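Below, each chain spelled out in residue letters.
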Amino acid sequence: AQDVATCFNALSKLSYPPPRSLLTALKARALAVAGYMSSDSVGVMFFALGRLDEQPGNALLEALSLRFSQVKNRNSRNVVSVIHALGKLKLKPGEKLMGFFEARS
């Protein structure tokens with residue numbers, strides 16, 4: 001699961017846009033393994049999607065949001081990455097993620 005986040009992070013650092021087919025395949029893989037991601041991986045995924053200006057799609061957004069709300073070892077860097085990416089991509093947090101943010105405030 002962490003490998004998918006690492007791939008997205010690497011792609012976000014390229015000076016040129018990655019092939020659409022690669023992004024589509026990686027998003028499908030991320031959706032399949034989202035339930036196994038650590039909070040660091042979820043934060044990296046959101047950050048990389050924001051850098052790539054890549055919309056995750058509703059299913060992936062909900063899966064990543066659900067996983068992020070479930071993991072216990074979140075740190076402020078992860079939370080900031082998620083908030084930054086949601087803002088950059090003009091996305092509304094899902095219900096699970098919204099509940100997490102409300103509980104933290």
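Below: a short report on this structure. (Residues numbered from 1 in each chain as written. Predicted model: local features only at pLDDT ≥ 70, side-chain atom pairs only at ≥ 80, totals over all residues. Heavy atoms only, no water.)

1. Here's the deal with the nonpolar core
One finds Phe-8, Met-37, Met-45, Phe-46 and Leu-64 to be the most contacted residues of the largest nonpolar core, which totals 28 residues. Of all the secondary structure elements, the ones that give two or more residues to this core are α1 (2-12), α2 (20-33), α3 (39-52), α4 (58-70) and α5 (76-88). The element that contributes the greatest number of residues to this core is α3, accounting for 6 residues. (Core = buried A, V, L, I, M, F, W, Y, C linked by side-chain atoms within 4.5 Å. Buried < 20%, exposed > 50% of the residue type's maximum accessible area, 1.4 Å probe, protein only. Helix = DSSP H or I, 4+ residues; strand = E, 2+ residues; numbered from the N terminus.)

2. As for the pattern of salt bridges
Between side chains of opposite charge, a pair can form when the charged atoms approach closely. A full pass over the atoms with the stated rule returns 2 salt bridges. For Arg-20, the salt bridge identified is with Glu-54, shortest N-O distance 2.8 Å. Linking Arg-20 in helix α2 with Glu-54 in the loop between α3 and α4, this pair joins segments that are 34 residues apart in sequence. Looking at Arg-20, the relative accessible area reads 52%, which means it is exposed. (Salt bridge = Lys/Arg side-chain N within 4 Å of Asp/Glu carboxyl O.)

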